[in-house]
Amino acid sequence: MADSEEQVDLQSEKYEKHREAGDILAQVREETAERVEVGVSHLEIAEYAEDRIRELGGKPAFPVNISIDEEAAHATPSIDDDSTFGEEMVNLDIGVHVDGWLADTAITVDLSGTPELAEASEQALEAALEIVEPGVETGEIGAEIEDVIDGYGYNPVVNLTGHGLDHWEQHTSPNIPNRAVSQGTTLEVGDVVAIEPFATDGGGKVTEGATEEIFGLEREGSVRNRQAREALAQITDEFKTLPFATRWLETDRAEMALRRLKRNDIVHGYPVLQEDDGFLVSQKEHTVIVTEDGCEVTTQ
């Protein structure tokens, strides 16, 4: 949470870097979404977005998430992934950081012929952004999101939330629920939050799948294996506490190195989160800075 209002300088370097990350991200999101078509490779899209972020002066805050149909989060291509898009619902969740200051955004590209589901999460986000201001409770934002998604005849995904963004921290307080809750957090001037409604034609709860391609540093540690040592050096130096993909590691036998680091509780995995088979999930997300009279969307 931010400090009290008197102490918050929204023109300070921290906020300028959040804005720079948001500007880069808005451009990359639009360019990447335009490239998603039936037959295009998942890996090609992920690498395009991640390379484009670097070209524009930022760094990926986490691996590009490409979630298909029932998948909601944490899906990213493997090193030699040959998956291509079909007539599916595609969610792109992309993050950028500038010196550890973050922006986070997501968009649904509907190739499945279910445009109303994509529209439900998009309109829920619009409604949420309209009420963001100092003093609003996060539960009120959740109620707004739930109301819009219910109005479309779908369910919000209730066990995924929006979140605060901090220095080198992709998920911090406050949580922004996707449904009405009585106990919420009051937003303050200077808070930087990502609001991300998820809508589904399923039951509205995601569970962990078997696949894991995204990892994060759990703690400092030492390992004897050379590849694991090389991987750990790159992780602590380059990614710090932010999530990374197996395919980002420069050591040979990266998958084996990660298995060793995970076995030693030095890294943890992010399993793919998904609805039940046969259902679809849409997502829309923006990052905002809470200002004195509302909010500034950095990823517009």
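Remember, predicted model here, so these are calculated numbers, not experimental data.

Novice: Break down the environment of Ala-254 for me, with residues and values.
Specialist: Tracing the chain through its elements places Ala-254 in helix 6 (residues 254-263). Residues Ala-254 and Ile-79 lie 175 residues apart in sequence; the distance between their C-alpha atoms is 9.4 Å. Once you skip the residues sitting within four places of it in the chain, Ala-254 turns out to touch Thr-246 and Leu-249.

Novice: Quick rundown of the domain arrangement of the protein? Include the residues and the values.
Specialist: Here the protein is described as being made up of domain 1 (13-209 + 275-297) and domain 2 (214-270). On a C-alpha basis, the centroid separation for the pair domain 1 and domain 2 is 26 Å. Taken together, the contact pairs 21 residues of domain 1 with 13 residues of domain 2. A combined buried area of about 1300 Å² lies between domain 1 and domain 2, and 68% of that area is made up of carbon and sulfur atoms. Taken together, domain 1 and domain 2 are joined by one salt bridge. Here Glu-50 ties to Arg-247 by a salt bridge, and the two come within 2.7 Å at their closest N and O atoms. Taken together, the links from domain 1 to domain 2 amount to five residue pairs in polar contact (both at pLDDT 80 or more).

Novice: Give me the pattern of salt bridges: which residues, what numbers.
Specialist: Close approach of charged atoms lets side chains of opposite charge pair. Taken as a whole and judged by the stated rule, the model has 12 salt bridges. Among the ionic pairs, Glu-13 bridges to Lys-17, the shortest N-O distance being 3.1 Å. With a gap of four residues between them, Glu-13 and Lys-17 both fall in helix 1 (residues 13-34), about one helical turn apart. Given the relative accessible area of 16%, Lys-17 is considered buried. Its salt-bridge partner being Arg-54, residue Asp-51 comes within 3.2 Å of it at the nearest N-O pair. You can see Asp-51 and its partner Arg-54 sitting in helix 2 (residues 42-55), three residues apart, about one turn around the helix. According to the relative accessible area criterion, Asp-51 is partly exposed, its value standing at 40%. What makes Arg-54 partly exposed here is its relative accessible area of 39%.

Novice: Quick one: what's the story with the UniProt feature "binding site: a divalent metal cation 2" (unreviewed entry) in the protein, residue by residue and with numbers?
Specialist: Feature annotation in UniProt assigns "binding site: a divalent metal cation 2" (unreviewed entry) to the following positions: Asp-104, His-163, Glu-196 and Glu-285. In terms of the greatest pairwise C-alpha distance, the residues named above, spread along 182 residues, form a tight cluster of at most 10.7 Å across. On the secondary structure map, Glu-196 appears in the loop between strand 8 (192-195) and strand 9 (198-200). Residues contacting Glu-196, with those up to four places away along its chain left out, are Asp-93, Thr-161, Gly-162, His-163, Asn-178, Gln-283, Lys-284 and Glu-285. Position of Glu-285 relative to the elements: it lies in the loop between strand 15 (281-283) and strand 16 (286-291). What makes Glu-285 buried here is its relative accessible area of 0%. Filtering out sequence-adjacent residues up to four positions away, Glu-285 remains in contact with Asp-93, Asp-104, Thr-105, Ala-106, Leu-125, His-163, Ala-194, Ile-195 and Glu-196.

Novice: Account for the packing of aromatic side chains, naming residues and giving values.
Specialist: Evaluated as defined, the whole model comprises three aromatic pairs. Here Phe-239 and Phe-244 contribute two aromatic rings whose centre-to-centre distance is 5.3 Å and whose plane-to-plane angle is 15°, an arrangement assigned as stacked. The exposure class assigned to Phe-239 is buried, which follows from its relative accessible area of 6%. Residue classification places Phe-244 among the buried residues on the basis of a relative accessible area of 0%. With centroids separated by 5.4 Å and ring planes inclined at 45°, the aromatic side chains of Phe-239 and Trp-248 adopt a geometry described as tilted. We note that Phe-239, like Trp-248, is buried.

Novice: Tell me about the UniProt feature "binding site: a divalent metal cation 1" (unreviewed entry) in the protein, and please be specific about residues and values.
Specialist: In the numbering used here, UniProt assigns the feature "binding site: a divalent metal cation 1" (unreviewed entry) to Asp-93, Asp-104 and Glu-285. What stands out for the annotated residues spanning 193 residues is how close their C-alpha atoms remain, the widest pair being 8.0 Å apart. By the secondary structure assignment, Asp-104 is in strand 4 (residues 101-110). Within the structure, Asp-104 has its side chain in polar contact with the side chain of His-163 (distance 3.3 Å).

Novice: Could you give me a rundown of the side chain of Glu-71, with the residues and numbers involved?
Specialist: Tracing the backbone through its elements, the reader meets Glu-71 in strand 2 (residues 71-73). In this view, Glu-71 contacts Ile-66, Asn-91, Val-272, Leu-273, Gln-274 and Val-281; residues no more than four positions away in its chain are not counted.

Novice: Before we move on, could you go through the packing of helix 1 against helix 2 and cite the residues and values that matter?
Specialist: Following both chains from N to C, one finds helix 1 and helix 2 inclined at 150°, their axes separated by 10 Å at the closest point. Compared by their axis directions, helix 1 and helix 2 come out roughly antiparallel. The interaxial crossing formed by helix 1 with helix 2 has right-handed handedness. Contacts between helix 1 and helix 2 involve Ile-24, Gln-27, Val-28, Glu-31 and Thr-32 from the former and Ile-45, Tyr-48, Ala-49, Arg-52 and Ile-53 from the latter.

Calculation criteria
Throughout, a residue's number is its position along its own chain's written sequence, starting from 1. Confidence filtering applies because this is a predicted model: local features only for residues at pLDDT of at least 70, side-chain atom pairs given and counted only at 80 or more, and all residues used for totals across whole chains, interfaces and linings. No hydrogens and no water enter the side-chain calculation; it runs on all heavy atoms of the structure. Each helix is a run of DSSP H or I of at least 4 residues and each strand a run of E of at least 2, with the numbering of both proceeding from the N terminus. Residues count as neighbours in contact if any of their non-hydrogen atoms are within 4.5 Å of one another. Domain start and stop points were drawn from an automatic or database domain assignment. Buried area is calculated as the accessible area (1.4 Å probe) missing from two parts once they are joined, with the contributions of both summed. Here, a salt bridge means any Lys or Arg side-chain nitrogen found within 4 Å of an Asp or Glu carboxyl oxygen. Definition of a polar contact: a pair of N or O atoms within 3.5 Å, with one able to donate and the other able to accept a hydrogen when the atoms are protein atoms, and with sequence-neighbouring residues admitted only if both atoms are side-chain atoms. When accessible area is computed with a 1.4 Å probe and restricted to protein chains, residues below 20% of their type maximum are described as buried, those above 50% as exposed, and intermediate ones as partly exposed. UniProt positions are given in the numbering used here, feature names are shortened, and annotations may be inferred rather than shown by experiment. Pairing of aromatic rings covers Phe, Tyr and Trp, the last counted by its six-membered ring, and requires centre-to-centre distances within 6.5 Å; plane angles under 30 degrees mean stacked, over 60 mean edge-to-face, and any other angle means tilted. Axes here refer to lines fitted to C-alpha atoms; in helices the fit is confined to the stretch in contact. Angles between the N-to-C directions go from 0 to 180 degrees. Roughly parallel here means an angle under 35 degrees, roughly antiparallel means over 145, roughly perpendicular means 65 to 115, and every remaining angle is called oblique. When the near helix sits turned anticlockwise from the far one by under a right angle, the crossing is termed left-handed; a clockwise turn instead gives a right-handed crossing.

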